[in-house]
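Single-letter residue listing:
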Amino acid sequence: MWAARRMASTISASSPALTFELVARCSTTRARASVLTLPHGPVPLPIFMPVATQASLKGLTPEQLEGTGCRLCLNNTYHLGLKPGQEVLDAVGGAHKLQGWKHNILTDSGGFQMVSLLKLANITEQGVRFLSPHDGTPMLLTPEHSISLQNSIGSDIIMQLDDVLVTTSPDKARMREAMERSVRWLDRCIAAHKHPDRQNLFCIIQGGLDLDMRRECCREMLARDTPGIAIGGLSGGEAKDDFCKVVAACTELLPDLKPRYVMGIGYPEDLVVSVALGADMFDCVWPTRTARFGNAITKHGVLNMKRELYAADFGPIEDGCGCPCCRPAEEEGAMGITRAFVHHNAAKETVAAHLLTLHNVWYQLSLMRQAREAIIADRFPDFVREFFRNLYPERSSYPAWAVTALKGVGIDLLET
Amino acid sequence: MTVDIPDGDQEAMRFEILGSVLKDGAAARLGRLTLPGRRPIDTPNFVGVTSRGVLPHLTPDNVSKHLQVSSAYMALEDFIEKPQQYSKRVPPIFSTPTTTKQGTPLHSFTAMPPSVTTILSARRLPAVPPPNGNTNDSISVFTSTGFQVLPTKEYLSAVQTLKPDIAIPPADLTHGPVAPNSKRALRMAERTDEWVVEWFSSLSRSSSSPQSTFAPVLPISHSIQWEYLARLAEDYLPSSQLHGLAFYDADVLPDIAAHTPSLVQLPLLSLLASQIQSQTQTPHHILRQISLGIDLFAIPFVNAASDAGLALTFRFPPPPHTTTTNGPLLPLATDLSLPESNNTTSLAPLAEDCTCYTCTSHHRAYVHHLLSAREMLGWTLLQVHNHAVMAAFFAGVRAALAEVEGGNDKFEVLRKEFALAYEPDFPEGMAQRPRARGYQYKSAGGGEGKRNKPAWGKLGGAGVDVDGNGEAGISRGGAEETTGGMANGEGAYARDLEGRGFAQVQN
Ligand SMILES: [Zn+2]
Ligand SMILES: [Zn+2]
């Protein structure tokens, strides 16, 4: 199925609904630049994927989202399964049609939301069992249900149902069970998947913080030859050092010509380090959620626009930012939004949240675009160093986990 | 695209009446209002109503791209709050720098597209009634941090700093639901008269005042305010200081036309004096006021409809044949939050033949889903559509007025047809409101009940428009947290699971 072929300057591989083209590799780290072509068009990697949970990115029109350059966003299966529900999705013709989004969509399996939102959930071999908090009715989400829903959603990338545990769980036996069950559930998902010709089912590597278990899971999952691979179960409160070790252990084993998706990652420094470790795709609700609390992500850190400091600050949200909010009003399509205006309406009018959402999504996408350009120009280590210089005024305050992780792939952040 | 007006250009406002049914007296008329640097406004037309300087739910890029709004009503009280810890600070808006494209501090601060004309008043529309009323030299305003005294002199100086295109001098209004008694009405007229005299004399002393003044007409009988109105006609019209009238009750207009006909040659703007008026306003009222001669309308029901999940569906003239058949009356709006199949799975536009962004790029099923999921985009898409319906409505009115030549009064004929075709009132919206906008909807009398139902409660009867105690509506709306991945309150969805093929019930 995976026929790698060498082209003039690039190598690529295809599966029925996806082409992965490796464009460049960093000569120092494991970072890669590639083009992932999905049923709804090409997506340059590495990429941050904004999370449009309920088929809407928090007040942005699909047109505004498209304007940020986003070509792949997330919908959450759990939420769409509830509202509007499978029947409506089938009647309307899927999530693209529902939300008027011409580009690609990735959906999760819904299992993670079950476990994290419904406290009464437990997991059996059949699926995720839980009691309806409404009336105590026993309910069940199986791999087959999840795939059936994702088939109705019509997302370009669909995720297997996996057995998710917090990585920090001390129960080794349970961790192994979850890992092995996730492999078995992948088989059920593959068997249940009705549209492999137009939807790409990604496996999810589990195994907690145990690197051997992760490697074992990698081998099992790779044997199933899915068009893409996700590293799951992270961002659940583990130490950043452990997070980096898991990502590094997995990317080491993963094939070059498949996209690698680290689930639930969104802080800028996590993205930059994960790219250095060889990951390609990321998603997180943080950038859009923090916008609604009045926070702007900038290259110098997160700024809370609600602070009095910004009440009469007539500069842009971030100097030099290319988003439609920050560019001066004189430029075509720009709004010339000031910090003072965001401050004025933060937590008072939805527009302030929309503007910060727009800015934050732009920031995340632009960060990954810059990383990509740097990889292609083979100056990615410089990009990483500049990124940390901007973020931390003192070298001494660089986070140790990042220094260690980057050192492992050949970048010495502290070198003078 | 807007033409940038070079600095120092003091070109004045122009208003041309292009045609009217009658030459004298009050009558529907077609006009064009031109303000320096702004897109000319064909009248009759409507004014977008802002909250804190924004058209609710619409970022300025969406306003530029998708809204045919020619002007925006703004309230100074939205910009001058005094946070407790910073009670001495000068409101930041007063130090806003201007740019070549955004030539006034008001435009620059609010990032309002330069094509849009700004109209500044002291109070929001509708205004919260002040508990202590006004004094001889100040009005009471309501900011996000509470009631505040605004001296009329300070208001004038704010206007001079912010440079709105059109400014409305302070008026002594009660904003209450009941008409003032004659003693109070007389004082309203006297105070407003004094304030307007003070306004014009201060303006004439200052060198830079390119903005236009629309003097308030009070919601009291003509016989009580005739002296004030006569002064406007005799003193400030000849001196070209007065550029228009702002009516808090359009029914005074026929009397003004009879007694001081020169005043009705000015552009006439209709505002609303009370919350009750704004809650009961319909397109029928607007059409009636158009036939009285009103040129511009600030219409709070557009924002209110969007907040309530209503898509406006009326048009002017009404669709053919609707008035000759005995069918049911057409609704003025459709409630997209209702779980009916023509909402839930319909790929149709919100209103037939609508060409707005929402109707051409999206459909009823999506807007219904967004309302049901309490996603903020639902209100954004409704705002785009509802403003487009208003723009098309007024374009239809102008087209009818343009056909008046030859004596046959096309507009009046169509206005009657409209009255026969459409229901008298809006349906009450079922959707949960985006935010109770707590402070702005503070109730004066109390007892109106909460605006939003408790979260996840059964959606029952229609919400009431006024939020009793200003519950923390803002944090629930603006920073709404149904969100991404880890939403709260999801548990209550669980009942829906069964019906939707999401999970099977065991046993
Ligand atoms: Zn920006
Ligand atoms: Zn429309």
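Residues numbered from 1 in each chain as written. Chains lettered and ligands numbered in written order. Predicted model: local features only at pLDDT ≥ 70, side-chain atom pairs only at ≥ 80, totals over all residues. Heavy atoms only, no water.

As annotated in an unreviewed UniProt entry, chain B carries the name Queuine tRNA-ribosyltransferase accessory subunit 2 and is attributed to Canariomyces notabilis. The UniProt entry for chain B carries the following text under Sequence similarities (unreviewed entry): "Belongs to the queuine tRNA-ribosyltransferase family. QTRT2 subfamily." In its Subunit (unreviewed entry) section, UniProt records this for chain B: "Heterodimer of a catalytic subunit and an accessory subunit." (UniProt positions renumbered as here; feature names shortened; annotations may be inferred.)

The name an unreviewed UniProt entry gives chain A is Queuine tRNA-ribosyltransferase catalytic subunit 1, with Canariomyces notabilis as the organism. Its UniProt record gives chain A a comment under Subcellular location (unreviewed entry), which states: "Cytoplasm".

Quick look at the UniProt feature "binding site: Zn(2+)" (unreviewed entry) in chain A
All names here are of chain A. When the UniProt feature table is mapped to this numbering, "binding site: Zn(2+)" (unreviewed entry) covers Cys 321, Cys 323, Cys 326 and His 359. The largest pairwise C-alpha distance within this set of annotated residues, which runs over 39 residues, is 8.4 Å, so the set is compact in three dimensions. Taking the relative accessible area as the measure of exposure, Cys 326 reaches 6% and is therefore buried. Non-local contacts of Cys 326, meaning those with residues more than four positions away in its chain, are made with Pro 316, Ile 317, Glu 318, Cys 321 and His 359. (Buried < 20%, exposed > 50% of the residue type's maximum accessible area, 1.4 Å probe, protein only. Contact = heavy atoms within 4.5 Å.)

A word on the UniProt feature "binding site: substrate" (unreviewed entry) in chain A
Residues and elements named next belong to chain A. Within the UniProt annotation, "binding site: substrate" (unreviewed entry) is assigned to Asp 108, Ser 109, Gly 110, Gly 111, Phe 112, Asp 162, Gln 206 and Gly 233. Here Ser 109 shows up in the loop between strand E8 (104-107) and helix H4 (111-117). Here Ser 109 is in contact with Thr 77, Leu 141, Ser 146, Gln 150, Met 159, Gln 160, Leu 161 and Asp 162, once residues within four sequence places are set aside. Reaching out from Ser 109, the side chain makes a polar contact with the backbone nitrogen of Gly 111 at a distance of 3.1 Å. Note that Gly 111 resides in helix H4. The contacts of Gly 111, once residues within four sequence positions are left out, are Leu 141 and Leu 161. (Helix = DSSP H or I, 4+ residues; strand = E, 2+ residues; numbered from the N terminus. Polar contact = N/O pair within 3.5 Å; in protein donor to acceptor, adjacent residues only side chain to side chain.)

Section: the sheet that holds strand E13 (residues 296-298) of chain B
Residues and elements named next belong to chain B. Here eight strands make up a closed barrel; going around it, the order is E4-E5-E6-E9-E10-E11-E12-E13 and the pairing parallel. Summarising the sheet, strand E4 (residues 45-49) and strand E5 (residues 71-75) pair through two bridges and their orientation is parallel. Counted as the bridge partner of Val 49 is Tyr 73 from E5. Against the sheet, helix H5 (residues 222-236) engages strand E10 (212-217) and strand E11 (244-247), with an angle of about 160 degrees to E10. (Pairing = 2+ DSSP bridges. Axes fitted to C-alpha atoms, helices over the stretch in contact; angles between N-to-C directions.)

Points about the domain arrangement of chain B
Residue and element names in this part refer to chain B. Taken domain by domain, chain B consists of domain 1 (2-299), domain 2 (310-421) and domain 3 (452-507). Put simply, the middle of domain 1 and the middle of domain 2, counted by C-alpha atoms, are 28 Å apart. Each partner contributes residues to the interface: domain 1 has 27 residues there, and domain 2 has 24 residues. Scanning the region where domain 1 abuts domain 2 turns up zero salt bridges. Counting residues per element, the ones that place at least two in the side of domain 1 that touches domain 2 are strand E2 (29-34), strand E3 (41-43), E4, helix H1 (60-66) and helix H8 (283-292). When residues in the side of domain 1 that touches domain 2 are grouped by element, the largest group, seven residues, is from H8. Residue composition of the side of domain 1 that touches domain 2, grouped by class: 15 nonpolar, nine polar and three charged. (Domains from an automatic or database assignment. Salt bridge = Lys/Arg side-chain N within 4 Å of Asp/Glu carboxyl O. Nonpolar A, V, L, I, M, F, W, Y, C, P; charged D, E, K, R; others polar.)

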